[in-house]
Amino acid sequence: MTFESAYGASMSRRSVICGLVGLGGHLLLPSRSRAKTTDDFVSLDAKPGMARFLPQSPTPIWGYGGTVPGPEIRVKQGGEVKARLVNTIGEPTTIHWHGVRLDNAMDGVAHLTQHPVEPGKSFDYRFTAPDAGTFWYHPHSHQAMQQDRGLYGLLIVEEPERIAVDRDVSLIIDDWRLNADGTIETQSLGHLFDAAHAGRIGNLLTVNGQVAPILPARAGERLRVRLCNACNSRVLEFRFENTRAQIIAVDGQPISPELLPDDGSFVLPPSGRADLALDLIGEPGSRSTIREMTPRQPIALAHFGLADTERMRDKPLDSPVTLPRNPVPVPDLSQDPLVFTLLMEGGAMGGMSGAEFEGKYYDFRELAQKHRMVWAFNGKAGDHGRPMFTVQRGRPVLMRITNDTAWPHAMHLHGHHLLVVSRTRGIVKPWFQDTVLMQPREEMTIAFVADNPGKWMLHCHMLEHQMAGMSAYFEVL
Ligand code: C2O
Ligand code: CU
């Protein structure tokens, strides 16, 4: 099925969606309900469920609570997240709390920070959330397969003070590779072809588990929109029509507000988040559409349908929205940083001759055929046997990364937020990020303070790349 046909089919869903809006728009917003256990843990029950992306054919998925996305968890900054993973998917799983600078034992990386949770078993996650912002959770065990089937959800950490917006709206975006009958195309899940190229790119996009939803809104309204890219490997480029958009946070960390030009767009790599203050400047009765601009034919992801009533205010607001800073340490590079050099190699058209896997060197062909590995960090494919480096707690780290491949990569750091110091193929922004998109053949220097003890992963968040070798860890002592 081509993308166009899948999308064409989905367009007829609009009429269904309009009906739902008539019944009550809240049906289209992510569920905020929490399945509470008796001891105050949010229950995150990983289990099979059914989604309805196409009008005729239901899609069997895996989801927390059996839904896509899973419940949106909300906690106040400095508060405790208490979540109980219950595994009923028939294979081992874990939950990773992406972007949260948490206790290493709660990081959820199978075999590195915890034993995978076996089918029928459960695991209690309990940690403090130090930063206010937009975070998310997903498995970190067979992640490419499990997240692809729908296991993910948002974790919102609220600022202590109310932020001056009319409403807070979360949009978690995913792409799916579906068969014509609506089922997930699983034959190619984990195949080496995707792994060696751009990863698994789907043929249908969803927002909060809905195809092109129409979200009820009002002319003149100011929204805080939280975007999260939950695609396995697709880079998303957003354009916001009929709005004034300021970016106010990236990867959960506030930035000084940046107004998007009218024809401007904003790129989010897989796993990236952005918060925007969106002023709906359209007329009552009109629509503001969010489009994904990377395909030749841009795709309408979602629409704000402005009610046909009076505007909310005479003139849309145009003041900046500034969020309070989080307590992320700023690396001071005059303080004897540990300097680490990382060479990324492999993939199609990469020219990698071979790499080490589990202590043994293989040429590229053998590495791919025998071990299903096609990428390497510093000559090692998916090395989890020992850390790339160790560093004393509190020391700044300066990492020089060379992407010597023909592909972009979404480099993700666990437990810390990094600053880009320099790069050869993009603009350096003064933003704390947990995932940075590197361009093909780009060289980049990043810095962070290694202030969180434990074993932390550094990997590509294009999940097929991660699975096929782009994954390693370091240890903070
Ligand atoms: Cu979003 Cu290592 O993960
Ligand atoms: Cu990658």
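Caption draft 1: Examining the overall build of the protein more closely. Helix and strand counts for the protein come out as six helices and 31 strands. The C-alpha atoms of the protein give 22 Å as radius of gyration, which agrees with the globular expectation for 477 residues (23 Å, within 12%). Overall, the C-alpha framework of the protein stretches about 65 × 50 × 50 Å when taken along its three principal axes. Buried positions account for 59% of the 477 residues belonging to the protein. For the protein, the accessible area works out to roughly 18300 Å², and carbon and sulfur atoms hold 52% of it. Counting 48 positive and 53 negative side-chain charges, the protein places the averaged centre of each group 2 Å from the other.

Caption draft 2: The arrangement of the nonpolar core in detail. Counting 62 residues, the largest nonpolar core has Leu44, Trp97, Phe127, Leu155 and Met399 as the members making the most contacts within it. Each of domain 1 (21-158) and domain 3 (338-476) gives at least three residues to this core. Contact partners of Leu44, with chain neighbours within four places excluded, come to Tyr64, Pro71, Ile73, Ala83, Arg84, Leu85, Val86, Ile95, Trp97 and Tyr137. Leu215, Ile247, Phe266 and Ala302 belong to the second-largest nonpolar core, a separate cluster that totals 33 residues.

Caption draft 3: Spotlight on the pattern of salt bridges. Applying the stated criterion across every chain, the model contains 30 salt bridges. Overlapping salt bridges, with partners in common, bring together Glu72, Arg74, Lys76, Glu158, Glu159, Asp168, Arg224, Arg226 and Asp275 in one network.

Caption draft 4: Focus on the domain arrangement of the protein. Segmenting the protein into domains produces domain 1 (21-158), domain 2 (167-306) and domain 3 (338-476). Here the C-alpha centroids of domain 1 and domain 3 sit 26 Å apart. When the area that domain 1 buries against domain 3 is broken down by residue, the three leading residues are Arg101, Asn104 and Leu112, summing to 37%. Applying the counting criterion to the domain 1 and domain 3 interface returns one salt bridge. Our enumeration of links across domain 1 and domain 3 arrives at ten residue pairs in polar contact (both at pLDDT 80 or more). When contributions to the side of domain 1 that touches domain 3 are tallied by element, the ones reaching two or more residues are β5 (96-98), β7 (133-138) and α3 (143-148). Ranked by residue count, the leading element in the side of domain 1 that touches domain 3 is α3, at four residues.

Caption draft 5: Main features of unusual backbone geometry. With an omega of -10°, the peptide bond between Val68 and Pro69 qualifies as cis. At Arg372, a residue that is not glycine, the phi angle is positive and equals roughly 55°. Secondary-structure assignment places Arg372 in the loop between α5 (364-371) and β23 (375-377). Residue classification places Arg372 among the partly exposed positions, given a relative accessible area of 41%.

Caption draft 6: Focus on the coordination of the copper ion (ligand 2). Donor atoms from the polypeptide that bind the copper ion (ligand 2) are His409 (ND1), Cys460 (SG) and His465 (ND1), placed at 2.0 to 2.1 Å. Donor residues for the copper ion (ligand 2), ordered by position in the chain, follow H-x50-C-x4-H. One end of the pair, His409, is in strand β26 (residues 409-413); the other, Cys460, is in strand β30 (residues 454-460), and 51 residues separate them in sequence. We classify His409 as buried; its relative accessible area is 0%. Residue classification places Cys460 among the buried positions, given a relative accessible area of 0%.

Caption draft 7: The packing of aromatic side chains, seen in detail. Using the criterion set out here, one finds twelve aromatic pairs in the structure. Relative to Tyr152, the ring of Trp136 has its centre 6.4 Å away and its plane inclined at 70°; by these criteria the two rings are edge-to-face. With Trp136 in strand β7 and Tyr152 in the loop between α3 and β8 (153-158), the pair connects residues that are 16 residues apart, well separated along the chain. The buried category is assigned to Trp136, whose relative accessible area is 0%. Using a relative accessible area of 0% as the deciding quantity, one classes Tyr152 as buried. Ring geometry for Phe266 versus Trp431: centroids 6.5 Å apart, planes at 45°, classification tilted.

Scoring rules and cut-offs
As a convention, each chain's residues are numbered from 1 in the sequence order in which they are written. Chain A is the first chain written and ligand 1 is the first ligand written, with later ones labelled in order. Residue-level local features of this predicted model are given only where pLDDT is at least 70; pairs of side-chain atoms are given and counted only at 80 or more, and the full residue set underlies all totals for whole chains, interfaces and linings. Calculation of side-chain values draws on the structure's entire complement of heavy atoms; hydrogens and water are dropped beforehand. Helix numbers and strand numbers start at the N terminus; a helix is a DSSP run of H or I with at least 4 residues, a strand a run of E with at least 2. We take the radius of gyration over the C-alpha atoms and set the globule estimate at 2.2 Å times the residue count to the 0.38 power. Note on exposure labels: buried denotes an accessible area under 20% of the residue type's maximum, exposed denotes more than 50%, and partly exposed covers the range between, all computed with a 1.4 Å probe on protein chains only. Working definition of accessibility: Shrake-Rupley area with a 1.4 Å probe, residue cover restricted to the visible protein chains. Counting rule for charge: Lys and Arg are taken as positive, Asp and Glu as negative, and neither His nor the chain ends is counted. The location of each charge is read from NZ of Lys, CZ of Arg, CG of Asp or CD of Glu. Residue types Ala, Val, Leu, Ile, Met, Phe, Trp, Tyr and Cys, when buried and joined through side-chain atoms within 4.5 Å, form a set referred to as a nonpolar core. Where each domain starts and ends follows an automatic or database-derived domain assignment. Here, two residues are considered to be in contact whenever any of their heavy atoms come within 4.5 Å of each other. In what follows, salt bridge is the name for a side-chain nitrogen of Lys or Arg lying within 4 Å of a carboxyl oxygen of Asp or Glu. Simply put, the buried area is the total loss of 1.4 Å probe accessible area from both parts when two parts are fitted together. Two N or O atoms count as a polar contact when they lie within 3.5 Å, although within protein this holds only if one can serve as hydrogen donor and the other as acceptor, and sequence-adjacent residues are included solely when both atoms are side-chain atoms. The rule for donors is simple: an N, O or S atom within 2.8 Å of the metal counts, and for Na, K and Ca the reach is 3.2 Å. Water is not among the atoms, so a site may look short of donors. Note on aromatic contacts: the rings of Phe and Tyr and the six-membered ring of Trp form a pair at centre separations within 6.5 Å, being stacked when their planes are under 30 degrees apart, edge-to-face when over 60 apart, and tilted otherwise.

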